[in-house]
Amino acid sequence: MSLPNPLNQHIIRRPQRIALLGHIAEQGSITRAAKSAGLSYKAAWDAIDELNNLAQKPLVERSVGGKGGGGAKLTQEGERVLRLYQRLQVLQAEVLGSDEAASDFNLLGRLMLRTSARNQLHGQVSAIDSHGRNDMIGLQLAGGLHLDAQITHDSTQRLELQVGVEVVALIKAGWLELLAIGQPETPGHNCMGGVIEMILDAEDGPSEVRVALPNGQVLCALAPPAALQALDAAEGQPIRVQFAPSNVLLGTPV
């Protein structure tokens, strides 16, 4: 049951998020699945976005039902991943049958890296172009989408990047800028079109805007209320998201 390496790592590091798939399959609702899994509604959305972004195909299909809920079901790929997770649970119980084995497993977990970046997109290196001491790394994402990341040549060598290598692109939500359809983009920036899936307002800070891309992945951006008003932003509205290649961090599986 071959899966992308970033998703394999996620199954090991964040089993509680993979377990959410089982709750979605049983409940058919994000709200009920979140409650059953002991997560907040927002945390459940975050988990689904991260899982869908790391997989080559979406694992969960959703229909937004407003702030109070929304329907959800597993795709065929989601059902396949859930079966794998359930098999791993059985194997883990066999492997971690002693206190010593459990301690060693916890040590491995501490050595795995978590990141604060909200946006984690799985892709493959499609091109490497040198520009002085920096390299422009072209990434091919699911569904034919593309983005560029600018990193130092030393980082390219340290990560052992070459065409075909699988990577995860990390982009902080605050580094994304929303653009209206037809609004000119900044030359040299990555720019992706999508649809506003959800806007989560905050009383004391910027709003969180989830943008669904055509390939099923989701980007999360932060925008002040005034900027959203200027864009006349609303759920279901087409929007574009831009960000500089220098604001894309790259990671590879350990």
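For the structure itself, consult the block above.
Figured I'd write up the structure that's included with this text.

Scoring rules and cut-offs
Residues numbered from 1 in each chain as written. Predicted model: local features only at pLDDT ≥ 70, side-chain atom pairs only at ≥ 80, totals over all residues. Heavy atoms only, no water. Pairing = 2+ DSSP bridges. Helix = DSSP H or I, 4+ residues; strand = E, 2+ residues; numbered from the N terminus. Axes fitted to C-alpha atoms, helices over the stretch in contact; angles between N-to-C directions. Contact = heavy atoms within 4.5 Å. Phe/Tyr/Trp six-rings, centres within 6.5 Å; stacked < 30°, edge-to-face > 60°. Buried < 20%, exposed > 50% of the residue type's maximum accessible area, 1.4 Å probe, protein only.

## What about the sheet that holds strand β8 (residues 190-200)?
Spatially, the five strands line up as an open sheet ordered β7-β11-β8-β9-β10, and their pairing is antiparallel. The open sheet terminates on both sides in strands that have one partner only, identified here as β7 (177-179) and β10 (218-223). On average, each strand axis in the sheet is tilted by 45° relative to the strand beside it, whichever way the strands run. Looking at chain direction, strand β9 (residues 207-212) and β10 are connected through six bridges and run antiparallel. Bridge assignment links alanine 212 to a residue of β10, and that residue is valine 218.

## Quick word on the sheet that holds strand β3 (residues 119-131)
Sheet architecture is open: five strands sit in the order β5-β4-β3-β6-β12, paired in antiparallel fashion. Across the chains shown, the open sheet's two edge strands, defined by having one partner strand only, are β5 (146-152) and β12 (249-251). Neighbouring strand axes in the sheet, compared pairwise and without regard to direction, differ in orientation by 45° on average. In terms of strand pairing, strand β6 (residues 166-171) meets β12 through three bridges, oriented antiparallel. When the sheet's bridge partners are listed, leucine 170 is paired in β12 with leucine 249. Lying on the sheet, helix α4 (residues 41-54) is in contact with β3 and β6; it crosses β3 at an angle near 40°.

## Concerning the packing of aromatic side chains
Tallying each qualifying case throughout the model produces one aromatic pair. Aromatic side chains tyrosine 41 and tryptophan 45 sit 6.0 Å apart centroid to centroid with 75° between the ring planes, which places their arrangement in the edge-to-face category. Highlighted residues: tyrosine 41 and tryptophan 45, both in helix α4, separated by four residues, approximately one helical turn. Across the pair, tryptophan 45 and tyrosine 41 agree in class, each one buried.

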